[in-house]
Amino acid sequence: MKVSRVAEMRNLDRQAISDFGITQEMLMENAGEAAYFVILREFGVKGKKIVIFCGAGNNGGDGFVVARKIHSTGGEVKVFFLGKRDELKGAARKNLDIISRMPIEVGDIKSIEQAREAVCNCDAIIDAIFGTGLSREVAGIYRDTIQVINESKKKVFSVDIPSGINGDTGQVMGSAIRSDYTITYGLPKIGNMLYPGFDLCGKLYVSHISFPPSLYNTEAIKVQVNELVELRQRDKDTYKGSYGRALFIAGSSNYLGAPYFSALSFLKAGGGLSYLATPSSISPFLASKGSEIVFIPQKETGSGSLALESKEELLELSQGVNIAVMGSGLSLNEETQELVRELAKRIETPLLIDGDGITAIAGETRLIKA
């Protein structure tokens, strides 16, 4: 999935309006509806007391839509506005006018006591104060309100991004909401995906709010996250060797965790046979932890790292596997570093070099050029 910067998302909004005739009112309606359905799914609405804190931008406008939908399906909703109402415009102003004609309480936060009382008498809170375009430090009544929300221990749903998080960096702008759920629109923003923003989002939902795929699946947006790769179902008439063999050349007397976790990771990812070639003195200790791993003890230097005389055996072992992984915890012993360089030149199996192995070849990168 693509991940956008704030400016890129603004451009998508403009394109949706200019190229496809999707009005701002329609985008806001879709955004509010997406948030409403997450609230309905995760918490429920009918008979629940829900407080919505809205700011003066489109994020607040989304909150007004949510308020209308909660009211229409039997929830008890109150809206508290932070900022100046005369700053509202366009679709946000229109949606405030709509809910103002309904029996929905809409009040302005004048003091922190108002915010505290509202939070104490509700079941859940919706944060629609700031959107992804926040560019200044949060201060004053905004900061105080955020603190009250965080201290309430109530369920919190954030619209687009937790208020107080920078949409481009994920950094806290003075103070930020800690949400249980966040509903972001069009694409996740970088601020939704980077810490601490990612952690403060809680469970993240993404709604495309009727954007055509041609808008967001574009080469102009360079950042994306990988799709999860599902492991295929294993056939019943197979054995360990059917699922790949890996050789790990790793470890030294000072580094016991790196070789163990490296070799074990292959098995946890679905691999069949994991061979660990490590100094003979540490093999018994590692074997007591990782009985699933096949250990191949090797000759070692006086400092407890792999010796150069292990080269031929390691080359032979590499011919019987699908991938070789070399470097984790090998140490910076010069003889071991030379072993890495010799193996990098001669191993023909696909080779992944990691950790201390990278240090060994850093000055001779021609060794790994095809």
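Structure: see above.
All figures in this text were calculated on a predicted structure; none of them were measured in a lab.

Okay, the overall build of the chain next. Helix and strand counts for the chain stand at 14 helices and twelve strands. C-alpha extents for the chain along the principal axes are approximately 85 × 45 × 45 Å. A burial count over the chain gives 50% of its 370 residues as buried. Contacts spanning at least 24 positions in sequence make up 70% of the contacts within the chain whose residues lie at least 6 apart. With the model as given, the accessible surface of the chain reaches about 18100 Å², and the carbon-plus-sulfur share is 51%.

This part covers the nonpolar core. With 45 residues, the main nonpolar core has Ile52, Ile70, Ile126 and Phe211 as its most contacted residues. Per-element accounting of this core gives the leading share, eight residues, to helix H2 (residues 24-42). The contact partners of Phe211, leaving out residues within four places of it in the chain, are Met9, Leu12, Asp13, Ala16, Leu27, Gly186 and Tyr216. Ile249, Met326, Leu330 and Ile347 belong to the second-largest nonpolar core, a separate cluster that totals 22 residues.

Let's shift gears to the sheet that holds strand S12 (residues 351-353). Taken together, five strands build an open sheet; the order of strands is S10-S9-S8-S11-S12 and the sheet is parallel. What marks the edges here is a single partner per strand, and that holds for strand S10 (294-298) and S12. Looking at each pair of strands side by side, their axes are set apart by 20° on average, direction ignored. Two elements, strand S8 (residues 245-249) and strand S11 (residues 323-326), share four bridges in a ladder whose sense is parallel. In the strand pairing of S11, Phe248 is matched with Val325. In this fold helix H12 (residues 311-318) packs onto S8, strand S9 (273-279) and S10, with an angle of close to 155° to the strand it touches most, S10. Across the face of the sheet, helix H13 (residues 334-346) comes into contact with S8, S11 and S12 while running at roughly 160° to S11.

Before going further, it helps to examine helix H1 (residues 6-20). If you check H1, its first and last C-alpha atoms are 21 Å apart, about what 15 residues at 1.5 Å a residue would give, namely 21 Å. Contact partners of the buried residues in H1: strand S6 (181-185) and helix H9 (213-216). Just beyond H1, the residue with positive phi is Gly21, at close to 70°.

Another point: the layout of surface pockets. In this structure, the largest pocket spans a volume of roughly 1000 Å³. Contributing to the lining of the largest pocket are 36 residues, with Gly57, Asn58, Asn59, Gly131 and Thr132 lying nearest its centre. For the lining of the largest pocket, the secondary structure elements donating two or more residues are H1, H2 and helix H3 (58-72). Per element, the largest residue contribution to the lining of the largest pocket is six residues, and it comes from H1.

Here strand S1 (residues 49-54) runs beside strand S2 (residues 76-81); their pairing, made up of six bridges, is parallel. Across the sheet, Ile52 pairs through a bridge with Val79, a residue of S2. Once the chain exits S1 it traverses H3 before rejoining the sheet at S2, and the crossover so formed is right-handed. Bridging between S2 and strand S3 (residues 105-108) involves four bridges; their strand directions are parallel. Along S3, the bridge assignment pairs Phe80 with Gly107. Regarding topology, helix H4 (residues 90-100) serves as the crossover connection from S2 to the parallel S3, and that connection is right-handed.

Taken together, the side chains of Met1, Val206 and Val225 define a hydrophobic patch exposed on the protein surface, amounting to about 190 Å² of accessible area. By the secondary structure assignment, Val225 is in the loop between H9 and S8. The class of Val225 is partly exposed, set by a relative accessible area of 30%.

Structurally, Lys311 is set in helix H12. Here Lys311 falls in the buried class, since its relative accessible area comes to 18%. Sequence-distant contacts of Lys311, defined by excluding residues within four places in its chain, comprise Leu339, Glu342, Leu343 and Arg346.

So, about helix H6 (residues 140-152). Compared with an ideal rise of 1.5 Å per residue, which puts 13 residues at 18 Å, H6 spans 19 Å between its outermost C-alpha atoms and is within 8% of the ideal. Among the residues of H6, those classed as buried are Thr145, Ile146, Val148, Ile149 and Ser152. Buried residues in H6, looked at end-on, bunch into an arc of 160°, giving them a common side. If you follow the buried residues of H6, they end up packed against S1, helix H5 (112-120), strand S4 (124-128) and strand S5 (155-159). Positive phi appears at Lys153, one or two residues downstream of H6, with a value of about 65°.

Let us now look at the packing of aromatic side chains. By convention here, two paired aromatic rings are described through the distance between centres and the angle between planes. Counted under the stated rule, the structure contains nine aromatic pairs. Each ring, one from Phe64 and one from Phe81, has its centre 6.5 Å from the other, and the planes form 25°; the classification is stacked. Of this pair, Phe64 sits in helix H3 while Phe81 sits in strand S2, and the two are 17 residues apart along the sequence. Each member of the pair Phe64 and Phe81 is classed as buried. Each ring, one from Tyr195 and one from Phe198, has its centre 5.4 Å from the other, and the planes form 65°; the classification is edge-to-face. On the basis of relative accessibility, which here comes to 33%, the residue Phe198 falls in the partly exposed class.

Definitions and cut-offs
- Along each chain, the written sequence defines residue order, and numbers are assigned to residues from 1.
- Since the coordinates come from a predicted model, pLDDT governs what is reported: local features require at least 70, and pairs of side-chain atoms require 80 or more to be given and counted, while whole-chain, interface and lining totals use all residues.
- By convention in this description, side-chain values take in all heavy atoms of the structure and omit both hydrogens and water.
- To qualify as a helix, a DSSP run of H or I must reach at least 4 residues; to qualify as a strand, a run of E must reach at least 2; elements of each kind are numbered from the N terminus.
- Buried means the residue's accessible area, taken with a 1.4 Å probe over protein chains only, is under 20% of the maximum for its type, while exposed means over 50%, and partly exposed covers the values in between.
- A contact between two residues is defined here by any heavy atoms of the two lying within 4.5 Å.
- In short, Shrake-Rupley with a 1.4 Å probe defines the accessible areas, and a residue's cover is counted only from the protein chains shown.
- Nine residue types can take part in a nonpolar core, namely buried Ala, Val, Leu, Ile, Met, Phe, Trp, Tyr and Cys, and a core is a set of them joined through side-chain atoms within 4.5 Å.
- Strands pair, by our definition, only if DSSP identifies at least two bridges between them.
- Angles run from 0 to 180 degrees between N-to-C directions of axes, and those axes are lines fitted to C-alpha atoms, restricted for helices to the stretch in contact.
- In this analysis, the expected span of each helix is defined as 1.5 Å times one less than the number of residues it contains.
- The definitions used throughout rest on a 1 Å grid laid over the protein atoms alone, on which a cavity is an enclosed set of points accommodating a 1.4 Å probe that cannot get out and a pocket is an open set flanked by protein within 12 Å on both sides along at least five of seven lines; lining residues are those having an atom within 4 Å of a point.
- Grid points are joined across faces, edges and corners, and a volume is the space filled by probe spheres set on the points.
- Crossover handedness is defined here as right-handed if the route from the first strand over the helix to the second strand goes clockwise, with the strands pointing away from the viewer.
- What goes into a patch is any residue over 30% in relative accessible area without a salt bridge, connected to like charges within 9 Å or, for nonpolar side chains (Val, Leu, Ile, Met, Phe, Trp, Tyr), within 5 Å.
- Only one rule defines a salt bridge in this text: a Lys or Arg side-chain nitrogen within 4 Å of an Asp or Glu carboxyl oxygen.
- The arc in question is formed by the directions pointing from the helix axis toward the C-beta atoms.
- Only centres within 6.5 Å qualify two rings of Phe, Tyr or Trp (six-membered ring in Trp) as a pair; their planes then separate them into stacked at under 30 degrees, edge-to-face at over 60, and tilted for everything else.

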